[in-house]
Amino acid sequence: MRSRRDFFTGAAALVGAGLVSRAGAATLPEAPIMSSAATQPPPPPPNGRPYNPVVTLNGWSLPWRMNNGVKEFHLIAEPVVREIAPGMKANLWGYNGQSPGPTIEVVEGDRVRIFVTNRLPEHTSIHWHGQRLPNGMDGVTGLTQPGIQPGKTFVYEFVARRPGTFMYHPHADEMVQMAMGMMGFWVTHPRNPAQHRVDRDFVFLLNAYDIDPGSYTPRVNEMLNFNLWTFNSRAFPGIDTMNVRRNDRVRIRVGNLTMTNHPIHVHGHEFEVTGTDGGWTRPESRWPEVTTDVAVGQMRAIEFIADEPGDWAFHCHKSHHTMNAMGHDVPNLIGVDHRGVAEKIARLVPDYMVMGDKGGSMGDMEMPLPDNTLPMMTGQGPFGGVEMGGMFTVLKVRKDQKPGDYSDPGWYRHPPGTLAYEWKGEPPAALRKQDAGGQSMPAANAPEVEVTVRKPTGHQGHH
Ligand SMILES: [Cu+2]
């Protein structure tokens, strides 16, 4: 993290209480910026009411200054460059150097004053999604305020009345500004830090972009055909893992500002939805799940005891949301026998590729990609290609992950006898018909039921 002043003189500075309290009362609070895309472990609150900070996946929380008992934040709406994953950067719009913007953390009952400076080429506003506040602070351009013109600063002030999980985003030229990445997380902690206490509290926003392979800027005014599905504007394998200690009580809060719903799925554990847009769910209203749908405009908090050690997949369950760009225009040739055909076409069309086991695995395929394009499905695990992209990461549960330690413990080492293995007995009896399937046209005397199933991913080169 760097302060804006330090940033312009090129000297890096660590954030501290001094950074945000140095400015005088009559001045704007400093607007710290973040230049790293890595998850920033949370510092304890330097002043104000105590709380247990959240961890923003591949993000950070915005420092404040106290001014006569008011928590003052400074957000700067501006163009940013976000690394979506190593090998790909995007020209987005965000806040304080990042998209999504920094998480704002306050405590129930805090009076909050937020200065919003617009460095975009068009007017903007900020809506504080889910909050109880005076109508004139709700940030809807034209309805509750004029737009914040380029170069201008507006001030929002209200009391964070209701504890829970919230978001912020523009209510001005939304199709463009949200498609460009303008959004952020907001957590209002309960007044009593012992209430709803957990050991790890992760937060992130779901976001979607439409960035043509080989380009850097999202196509805006897109309604359906997004091709990059991300957690906090990061795509797997660029999304940090969630590293926890065995038997930790873990909370994951997810906000959805995309244009579709996302069924969020956790492996190896059951969880309960403990928080919604409306606040904390009553204990008697909770039930166990392994997938929860997060609809458009919603926030969900899920909680579980991480009592199963291992590397557990955590992802959106819409398959194409765990793939990166180019996933929509590939012809579906599954079931077609491409032997020889792909080779011949490739002589004419060098980029030609086919999905399915005759054409090669999407994850392992070596195909030329335009600059600044992520492979559709990628990421290396300890056993080979994970063949995932987009909204996917790993929940790492370890018995020796120290409290407050968010560093990556590496891959899980499976105790003897706990790893799936290859059966080495006699091969199975012949299929009902030796050459069943594999033809684009039914062969003469074809079996009534095709017994060979072809899947979009093959199995070459890994286990
Ligand atoms: Cu999804």
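Residues numbered from 1 in each chain as written. Predicted model: local features only at pLDDT ≥ 70, side-chain atom pairs only at ≥ 80, totals over all residues. Heavy atoms only, no water.

Engineer: What is the right way to read the layout of surface pockets from this model?
Structural biologist: If a probe the size of a water molecule is rolled over the atoms, the empty space left behind becomes visible. Estimated volume of the largest pocket: approximately 660 Å³. Lining the largest pocket are 21 residues, and of these Asp 311, Ala 313, Pro 382, Phe 383 and Val 386 lie nearest its centre. Counting residues per element, the ones that place at least two in the lining of the largest pocket are strand 21 (310–316), strand 23 (384–388) and strand 24 (392–398). Looking at the lining of the largest pocket, its residues break down into twelve nonpolar, eight polar and one charged. (1 Å grid on protein atoms, 1.4 Å probe; cavity = no way out; pocket = protein on both sides within 12 Å on 5 of 7 lines; lining within 4 Å. Points joined across faces, edges and corners; volume = space filled by probe spheres on them. Helix = DSSP H or I, 4+ residues; strand = E, 2+ residues; numbered from the N terminus. Nonpolar A, V, L, I, M, F, W, Y, C, P; charged D, E, K, R; others polar.)

Engineer: Looking at this structure, I do not really get the pattern of salt bridges. What am I missing?
Structural biologist: Side-chain pairs of opposite charge can arise whenever the charged atoms involved come near each other. One pass over the full model with this rule turns up 18 salt bridges. Members of the salt-bridge network, linked through shared partners, are Arg 65, Glu 72, Arg 111, Arg 113 and Glu 157. (Salt bridge = Lys/Arg side-chain N within 4 Å of Asp/Glu carboxyl O.)

Engineer: I keep staring at unusual backbone geometry and nothing clicks. Help me out?
Structural biologist: If a residue is not glycine, its phi is most likely negative; likewise, a peptide bond is most likely trans. Across the junction of Ser 99 and Pro 100, the peptide omega takes the value -5 degrees, indicating a cis bond. Tracing the backbone through its elements, the reader meets Pro 100 in the loop between strand 4 (88–95) and strand 5 (104–107). The backbone of Asn 96 sits at a positive phi, close to 50 degrees, despite the residue not being glycine. Residue placement: Asn 96 occurs in the loop between strand 4 and strand 5. Even without glycine at this site, Asp 173 takes up a positive phi of about 45 degrees. Tracing the sequence through the fold places Asp 173 in the loop between strand 9 (164–169) and helix 3 (174–179).

Engineer: In this structure, what is going on with the side chain of Asn 207? I would like to understand it.
Structural biologist: Considering the arrangement of structural elements, one finds Asn 207 in strand 11 (residues 200–209). Only 3.4 Å separates the side chain of Asn 207 from the backbone nitrogen of Asn 232, close enough to count as a polar contact. One polar contact links the side chain of Asn 207 to the main-chain amide nitrogen of Ser 233, over a distance of 2.7 Å. The contact partners of Asn 207, leaving out residues within four places of it in the chain, are Pro 100, Met 183, Leu 228, Trp 229, Thr 230, Phe 231, Asn 232, Ser 233, Thr 258 and Met 391. (Polar contact = N/O pair within 3.5 Å; in protein donor to acceptor, adjacent residues only side chain to side chain. Contact = heavy atoms within 4.5 Å.)

Engineer: Before we go on, may I ask you to explain the coordination of the copper ion in this structure?
Structural biologist: When four donors bind a metal tetrahedrally, each ideal donor-metal-donor angle is 109.5 degrees, and when six bind octahedrally, the ideal angles are 90 or 180 degrees. Protein coordination at the copper ion: the donors are His 262 (ND1), Cys 316 (SG) and His 321 (ND1), at 2.0 Å from the metal. Donor residues for the copper ion, ordered by position in the chain, follow H-x53-C-x4-H. For Cys 316, a relative accessible area of 1% gives the class buried. (Donors = N, O, S within 2.8 Å, 3.2 Å for Na, K, Ca; no water. Buried < 20%, exposed > 50% of the residue type's maximum accessible area, 1.4 Å probe, protein only.)

Engineer: Is there a simple way to think about the confidence of the model for the protein chain in this case?
Structural biologist: Predicted coordinates in areas of low pLDDT are best not read in detail. For the protein chain, mean pLDDT is 85; residues scoring 70 or higher make up 78% of the total. Across residues 5–25, where pLDDT falls below 50, the model places 28 contacts with residues more than four positions away in sequence or in other chains. Below pLDDT 50 for its whole length, residues 457–463 participates in 15 contacts with residues either more than four positions away or in separate chains. (pLDDT = per-residue confidence, 0-100.)

Engineer: What should I look at first to understand a nonpolar patch on the surface in this one?
Structural biologist: Together, Met 175, Met 223, Leu 224 and Met 259 make up an exposed nonpolar region whose accessible area comes to about 420 Å². Relative to the helices and strands, Met 175 is located in helix 3. Given the relative accessible area of 30%, Met 175 is considered partly exposed. (Patch = residues over 30% accessible without salt bridge, like charges linked within 9 Å, V, L, I, M, F, W, Y side chains within 5 Å. Areas by Shrake-Rupley, 256 points an atom, 1.4 Å probe, with all protein chains shown as cover.)

Engineer: Looking at this model, I keep getting lost on the sheet that holds strand 5. Mind explaining?
Structural biologist: Within a sheet, each strand pairs with its neighbour through backbone hydrogen bonds, oriented either parallel or antiparallel. The strand order across the open sheet built from four strands is 5-10-9-7, with neighbouring strands paired in mixed fashion. What marks the edges here is a single partner per strand, and that holds for strand 5 and strand 7 (127–129). Pairwise comparison of adjacent strand axes, ignoring direction, gives a mean angle of 25 degrees for this sheet. Sheet analysis places strand 7 next to strand 9, joined by three bridges and oriented antiparallel. Residue pairing across strands places His 127 opposite His 169, the latter belonging to strand 9. (Pairing = 2+ DSSP bridges. Axes fitted to C-alpha atoms, helices over the stretch in contact; angles between N-to-C directions.)

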